[in-house]
Amino acid sequence: MEKVVEVKGLTKKYGRFEALKGIDINLYKGEIFGFLGPNGAGKTTTVEILEGLRKPGEGEIVFFGEKIHGSIPAHVKEKIGVVLQETRFLDHLKVKEILELFSSFFKNSKTPEEIIKMVHLDEKAESYVDNLSGGQRQRVAIATALINDPEIIFLDEPTVGLDPQSRESVWGLIEALKKNGKTVFLTTHYMEEAQRLCDRISIIDNGKIIVSDTSQNLVKNYGGKSEIDFKCDRIPSQTIIDDLKSFINLVDDHFRIETDDITKTLEELVEWSKRYNLSITNISLVEPTLEDVFLTLTGRGLRD
Amino acid sequence: MKPFLKFFKFHLFSDFRNRRSIFWVVIFPILLLVLLVLSFSNLGTNGSLNFNVIVINESSNSNFDFSNRIVDIVKSMSKPNKNAVFTLEEMSPDQEKYAINKVLYAADDILIVIPKDFDTSIARSLLLSKLGANFTPATLEVFYVPNRAASSLAQGMIGGLTGAINSFFAQTLGQKVSVVTVKSQILGEMMGSPSYTDFVTPGILVIAPFTTGLLLVAPKLSFLRAGRVMRRYSSTPMNPMSFFFGFTFSRVFIMILQYIGLALFAIFVMKARVDIFSFSAFLYYLFSCAVYTAIGFAVGVAVSSAVAVSALSSVINLPLEFLAGIYFPLFNLPWYIKAFVYMNPLWYATNAMREFLHVSESPSPMWMNIFIPGLWFIITMGFALTKRATERK
């Protein structure tokens, strides 16, 4: 796969505080890369360095095969799109005018009309941006990031504060970017967002990347066991319980099984219930998430 | 060039579509001018029978005491004496310019200057009249504003006073003589005597761009920073100077429109007699626009919340405006307030604009009218740029 961004041993200090302690990141063409971490972990510092908003400390940054010295140069910025968290725009301007303004910043850009169509804001093109809903405003923010037809798009927590419907709409846009061959760098602390969208994920904590892999592998390797909770129409005897190969816990009036292979355990459970003529009710499955991965790796939650 | 023009255009769009901006930039200065003129144009013509008189006695001849006698006569007609028609204030010769301004701006009605050679002149006149020779009478200089009733009446009374003095000498000498004459000096001759409308118009032309600097620069900049709009711009290849100049020029453009609109309104509606076509006035106005924009930049980068900007703007705006001599002439201020006035860029701007618009002479030297606001420009712009550079690290 073609590497579009390579970061090696990146550091950043604010006075004596070490925000980044030598991080490595690779971004490949056409992937959605998730960058997860709690507040203050170094997520925003990293993304702002890559967006050209902050000067890097030590380390190496390579964009499209070109080694970057100091700040991100203008010709590299021509190829990147940025969506900041909760971006606002100049008051009393129309959506089309905002895009016209942003298109003037780049040597080559798409027309505002093309981008408006792409983000499904056709009906709002002549509306003042201050009259749009949160989700529509975020779509305008994404539109400004796409005006230069960038190769990489940096999205910093793009769905924070949005209602579920707007969030779904933004996710749809991000998935469309991937389909169009764009590389997406996504920072988030929404687990379902990362799990749904990202091909690969890096988790950062205290200025260090603690793990990088696909979300499936992360959950599999660090998420812990899945749980099956269920009730029976009657409490089976200890002999019957012991006959189930999986270890079973009686918690209040329901049972809980912890398992590494949820499918196999479910099959076994069904056979067991038939064998002893037990009727299983209220069954629920709890699978490990990236939150559990983070908990396992750091001993605390992502939102702590 | 392209982003500069877009910033210029869209910042103007943003402001002209905002009713609040329109009120503060267009309606407020016009309202202020109208209200001030309607409320205070009768200053000094209130029909008072007591006139404020300033006397400066430059004559100091120890052998003859005529000048002191003149002062005594005015004193006898002044408060706290019964039936006093004058309120007398004596000043030293080095305060003459200050005294002239007090009369010009209606703080006092008339200024009498007893010249240096007054005593010897009277003595010479008396001697020569006894000898029957021709002589030139001694002269009292009287400064007044003819179109102000109180000033004009006071001038007439001083004329009557000299008549009484001449009668006294005529009785003493036993012949008709005129040893003292009055030389009237009309104040406000640059465009005729200034009315309150003339007086206040240059001040309004100072307030309007200053308000724009505070209300259309500071809160906007603060919003652009707090709303992360500036950061968003920084993530693009756009040169930051395009934003800086596009934004600044759009502000200055609004200020120029204010100048044209207000000046035309003042001349054609309020009948102000100001020299709107003075190139110096316009150049100084542009210089002031740069200063007020810099002040706006400093306030905008100093605080990031809209509420804090609004509060800070009010804290800056009110004292600077009231201590600029825009609405009323500033006289008899305690030293600590005077110190504040001398640091106030609006005071210098008002003085300069009054002189350049040919309303009245500036009480402060012209180099100070440029130097002090220039200092404000350097300090505030330096602060804004340094703060911004620090934030970007």
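Because the structure is predicted, anything quoted here is derived from the model rather than measured.

**Remarks on the confidence of the model for chain B**
Note: predicted coordinates in regions of low pLDDT should not be interpreted at a detailed level.
Residue and element names in this part refer to chain B.
Reasoning step 1: When the pLDDT values of chain B are averaged, the result is 83; 93% of them are 70 or greater.
Reasoning step 2: The lowest-confidence element of chain B is helix α6 (residues 149–173), averaging 77 in pLDDT; the highest-confidence one is helix α11 (residues 279–302), averaging 93.
Reasoning step 3: Within the model, the stretch residues 44–48 combines pLDDT values under 50 with nine contacts to residues more than four positions away or in other chains.
Reasoning step 4: For this predicted complex, the interface confidence comes out at an ipTM of 0.82, alongside a pTM of 0.73.

**A few points about the sheet that holds strand β2 (residues 17–28) of chain A**
All names here are of chain A.
Reasoning step 1: The four strands lie next to each other as β2-β1-β4-β5, forming an open sheet whose pairing is antiparallel. Pairing within the sheet leaves two strands with one partner each, and these edge strands are β2 and β5 (66–68). Mean inter-strand twist for the sheet, computed between neighbouring axes without regard to direction, equals 25°.
Reasoning step 2: Taken together, the four bridges between strand β1 (residues 3–14) and strand β4 (residues 60–63) define a ladder with antiparallel strand orientation. Bridge assignment links K8 to a residue of β4, and that residue is E60.

**Some words on the UniProt feature "transmembrane region" (unreviewed entry) in chain B**
Residues and elements named next belong to chain B.
Reasoning step 1: Under the present numbering, the feature "transmembrane region" (unreviewed entry) in UniProt falls on residues 21–41, 199–223, 243–270, 282–303, 315–337 and 366–385.
Reasoning step 2: Across residues 199–223, helical content stands at 96% and strand content at 0%; the span's end C-alpha atoms are separated by 37 Å.
Reasoning step 3: End C-alpha to end C-alpha, residues 366–385 measures 28 Å, and it is 100% helix and 0% strand.

**Let's talk about the interface of chain A and chain B**
Many structure descriptions define interface size as the accessible area lost when the parts assemble.
Reasoning step 1: Contacts between the two partners involve 22 residues from chain A, matched on the other side by 19 residues from chain B.
Reasoning step 2: Mapped onto the side of chain A that touches chain B, the elements with two or more residues apiece are α2 (74–77) and α3 (95–103) of chain A.
Reasoning step 3: Broken down by element, the side of chain A that touches chain B gets its largest block of residues, three residues, from α3(A).
Reasoning step 4: A breakdown of the residues in the side of chain A that touches chain B according to their chemical character gives ten nonpolar, four polar and eight charged.

Calculation rules
- Residues numbered from 1 in each chain as written.
- Chains lettered and ligands numbered in written order.
- Predicted model: local features only at pLDDT ≥ 70, side-chain atom pairs only at ≥ 80, totals over all residues.
- pLDDT = per-residue confidence, 0-100.
- Helix = DSSP H or I, 4+ residues; strand = E, 2+ residues; numbered from the N terminus.
- Contact = placed C-beta atoms within 7 Å.
- Pairing = 2+ DSSP bridges.
- Axes fitted to C-alpha atoms, helices over the stretch in contact; angles between N-to-C directions.
- UniProt positions renumbered as here; feature names shortened; annotations may be inferred.
- Nonpolar A, V, L, I, M, F, W, Y, C, P; charged D, E, K, R; others polar.

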